[in-house]
Amino acid sequence: MAVQVNMCPVSAVIGCFTVMGALLLLPSDWISTVLAVLGLCLFCGGSWKFILVALCTCKRDFSCLLVLLRVRLAIYQNARRTIPDLFAKMAARHPDKPALIYEPTGEVWTFRQLQEQCHAVAHWALAQGWAEGDVVALYMGSRPSLVSLWLGLAMVGVEAALVNYNLRLNSLQHCVKVSGARALVFGSELRQAVFEIRGSLHSNMVLFCSGEQSEEETPADFKVESLDELLACAPRRPPSCMLKKTFNDRLFYIYTSGTTGMPKAAVVVHSRYFRIAAFGYHAFGLRGDDIIYDCLPLYHSAGTIMGVGQCLLFGATVVIRSKFSASRFWDDCVKHNCTVIQYIGEICRYLLAQPVRPSEGHHRVRIAIGNGLRQSVWEEFVQRFGIKHVGEFYGATECNCSLVNIDGTVGACGFNSRILPSFYPIRLVRVEEDSRELLRDARGLCIPCQPGEPGMLVGRINHKDPLRRFDGYADDDSTNKKIAHSVFRMGDSAYVSGDVLVMDDYGYMYFRDRCGDTFRWRGENVSTTEVEGVLSGLLGHTDVAVYGVCVPGVEGRAGMAAIAHTGDHFDLDAFLIAVQKSLAPYARPVFLRLTPAVDTTGTFKIQKTRLQKEGYKPQNSEEKIYYLNSLVGHYEAVTDQLYDAITEGRVRL
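Residues numbered from 1 in each chain as written. Predicted model: local features only at pLDDT ≥ 70, side-chain atom pairs only at ≥ 80, totals over all residues. Heavy atoms only, no water.

Some words on the sheet that holds strand 14 (residues 389–394)
Phase 1 of the analysis: Taking strand neighbours across the sheet as the criterion, the eight strands line up as 2-1-11-10-12-13-14-15 in an open arrangement whose pairing is mixed. Each of the sheet's edge strands pairs with one partner strand only, and the pair in question is strand 2 (107–110) and strand 15 (403–404).
Phase 2 of the analysis: In terms of strand pairing, strand 10 (residues 291–294) meets strand 12 (residues 340–344) through two bridges, oriented parallel. Among the inter-strand pairings, Tyr293 is bridged to a residue of strand 12, identified as Ile341.
Phase 3 of the analysis: Sitting on the sheet, helix 5 (residues 111–127) touches strand 1 (98–103) and strand 2, and the angle it makes with strand 2 is about 80°. (Pairing = 2+ DSSP bridges. Helix = DSSP H or I, 4+ residues; strand = E, 2+ residues; numbered from the N terminus. Contact = heavy atoms within 4.5 Å. Axes fitted to C-alpha atoms, helices over the stretch in contact; angles between N-to-C directions.)

Remarks on the side chain of Ser148
Phase 1 of the analysis: Summarising the element assignment, Ser148 is placed in helix 6 (residues 144–155).
Phase 2 of the analysis: Using a relative accessible area of 1% as the deciding quantity, one classes Ser148 as buried.
Phase 3 of the analysis: From its side chain, Ser148 meets the backbone oxygen of Ser145 in a polar contact 2.8 Å long. (Buried < 20%, exposed > 50% of the residue type's maximum accessible area, 1.4 Å probe, protein only. Polar contact = N/O pair within 3.5 Å; in protein donor to acceptor, adjacent residues only side chain to side chain.)

Some points on the packing of aromatic side chains
Phase 1 of the analysis: Taken as a whole and assessed by the stated rule, the structure comprises 23 aromatic pairs.
Phase 2 of the analysis: Seen from their ring centres, Trp124 and Trp130 are 5.1 Å apart, and the 85° between their planes marks the pair as edge-to-face. Exposure class is identical for Trp124 and Trp130. Each is buried.
Phase 3 of the analysis: Taking the ring centre of Phe488 as reference, the NZ or CZ of Arg460 above it sits at 4.7 Å.
Phase 4 of the analysis: Above the plane of the ring of Tyr424 lies Arg468, whose end atom (NZ or CZ) is 5.1 Å from the centre. (Phe/Tyr/Trp six-rings, centres within 6.5 Å; stacked < 30°, edge-to-face > 60°. Lys NZ or Arg CZ within 6 Å of the ring centre and 35° of its normal.)

Description of the sheet that holds strand 9 (residues 265–269)
Phase 1 of the analysis: Spatial ordering of the open sheet is given by 7-6-5-3-4-8-9, a layout of seven strands whose pairing is mixed. Whereas interior strands pair on both sides, the edge strands pair on one side only; in this sheet they are strand 7 (225–226) and strand 9.
Phase 2 of the analysis: Sheet topology places strand 3 (residues 135–139) next to strand 4 (residues 159–162); four bridges connect them, and they run parallel. Looking at strand 4, one finds that Leu138 is bridged to Leu162.

Regarding the pattern of salt bridges
Phase 1 of the analysis: Within this structure, the stated rule accounts for 28 salt bridges.
Phase 2 of the analysis: Close ionic contact of Asp471 with Arg272 constitutes a salt bridge, the shortest N to O distance being 3.5 Å. Taken together, the residues Asp471 in the loop between strand 18 (455–460) and helix 15 (476–481) and Arg272 in helix 10 (residues 270–283) connect sequence positions 199 residues apart.
Phase 3 of the analysis: Each member of the salt-bridge network shares a partner with another, and the members are Glu103, Arg321, Arg328, Asp331, Asp332 and Lys335. (Salt bridge = Lys/Arg side-chain N within 4 Å of Asp/Glu carboxyl O.)

Structural notes on the nonpolar core
Phase 1 of the analysis: Residues Trp124, Leu138, Trp150, Leu153, Phe252, Tyr273 and Leu312 are the most contacted members of the largest nonpolar core, which totals 112 residues.
Phase 2 of the analysis: Excluding residues that lie within four positions of it along the chain, Leu312 makes contacts with Leu86, Phe87, Met90, Leu114, Val147, Trp150, Leu151 and Tyr273.
Phase 3 of the analysis: Counting 41 residues, the second largest nonpolar core, distinct from the first, contains Val546, Ala587, Leu594 and Leu611. (Core = buried A, V, L, I, M, F, W, Y, C linked by side-chain atoms within 4.5 Å.)

Digging into the environment of Asp61
Phase 1 of the analysis: Relative to the helices and strands, Asp61 resides in helix 3 (residues 48–77).
Phase 2 of the analysis: Taking relative accessible area as the criterion, Asp61 reaches 4% and is therefore assigned buried.

Remarks on unusual backbone geometry
Phase 1 of the analysis: Residue Pro104 is reached from Glu103 by a cis peptide bond, and omega for that bond is 25°.
Phase 2 of the analysis: Along the polypeptide, Pro104 turns up in the loop between strand 1 and strand 2.
Phase 3 of the analysis: A positive phi angle, close to 55°, is found at Ser486, a residue other than glycine.
Phase 4 of the analysis: The topology assignment puts Ser486 in the loop between strand 19 (483–485) and strand 20 (493–503).
Phase 5 of the analysis: With phi around 70°, His541 is a residue other than glycine that occupies positive phi space.

Considering the pairing of strand 1
Phase 1 of the analysis: Among the six residues that make up strand 1, five are buried, leaving the element largely enclosed by the rest of the structure.
Phase 2 of the analysis: In terms of strand pairing, strand 1 meets strand 2 through four bridges, oriented antiparallel. In the strand pairing of strand 2, Tyr102 is matched with Glu107.
Phase 3 of the analysis: Linking strand 1 to strand 2, which pair antiparallel, is a turn of three residues; within it Gly106 sits at a positive phi near 80°.
Phase 4 of the analysis: In this structure, strand 1 lies alongside strand 11 (residues 317–321), joined through four bridges in parallel fashion. In the strand pairing of strand 11, Tyr102 is matched with Ile320.

In structure tokens form, the structure reads like this:
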């Protein structure tokens, strides 16, 4: 049963926090601290339920309050600077310290070398005649030169568009076009992909290739300049130009993963870059002498802001891995004496699926930072690899309602204070189950969720506050779709995350699903995230995608699980027995799809769009589809005849 908390007056609670903060600096005298909190809460008029929540969460809330104050102070102190300015300050402080290390080659870039390469990029950009506000698309793999490119462009006010190197054809063409880029820089390994879309690029688009040029013959209509040769001739001194751009102006674009459509180009301003990196630094106890293992793609905010940002703004050394390798992960950490690792999506599960190796017990890693660590594998991950602290967070590149799990509570992606909720203006609000439209009360305002009630996460927008800004996307239509009005109070604006979370009695937030991931079956809501965690655990951390499929004449959606399986034999009976023990009847998959691989994004999130469209009809000889026949109690293969019988209603689910 949820704890209903009677909130105290704000002024009284602030006073309560002040005294509690002082007491919390004396951890040896917990008895006096508890008595003081009890006395203050009673004095403020709080109920016993309020007192219970305050006692359990005051230390957590006060710690996060200090983090917020540190971040705000840092933003205030640097509000007249840009990211290149802040990096220049760090490079001057320790020029010979390793800034970036590239794996698999082991190449080391010092702060001085990185800065000089950025200067060369800036002079090259000026020589091209580009001005502040112009855009250059960067389509290349994760390596230090990508950092020097976007940072060097930013030195002269040119904005980079960081394009996912996994994209091809229409998606690639879309990303280049929507950014309004004047030029495209691509890695030599992606030459063929650029060649395939050359006809759709505008006639004035200039192409530059970075990396070793191939010997193959280039068509006459495919004119490409060698970026490496141009940069080799460029000066290494700082460019002599005065920028008009400020802390709140555009830095670059990062694209959404596009799991439900074409990717959207999210705007990242200098203050947002600083805020994300600074929040991670202060919330998770990072240090300037840390060595961070960053195996995440640098076209993604986790890799290029949360990871590389610790180098550019706080002086940490970052090991950039070209592509994530589960088998090399711990070997790399030992080789470079890494103290911090980053993860995202399913990376932790992939590491658990690896055989035990000596390096996983000889590393110096103390902190793992990321998002998407499933509750079903959290404790096993921490225990097996000896991680002292997990810094789980929730957020998107463009969102203004990020959350942090500051105390390592298993499964939580963050929290919001129950005793001072308005300090950080975010909220879970009720939505209509199928359409996910925000529900309104009689006054027209959104309806807050109670503890234990899933709801859409929203954050109040305030463009004067770097922590509350929503800078949107390159196109206005995409921006407007993410904004709701009259959410907290009449006339206000809020960012709508599209993600459903649930909050417990103490304010901890747990990710429930992406918008549309929950489906209804047998009168019950089925969370795909929860079912995926259970099934993956039963199958030794293999890839599993769970989704709902429509069956003609049947209400709701029947559960279907796509399972990555490459072996010759899959024990369906043993699997069903395990499923029956672990899942409620309505959550058990009605259909199974055994497939060689499950689609994932470049940031290791399961993709279901194609699977949902194809449903349960047999289409591929490499895949097998099964149907749970409840009358006989086992899964049976779906043939064309059985498929027709199900769709025509001759077989009842």
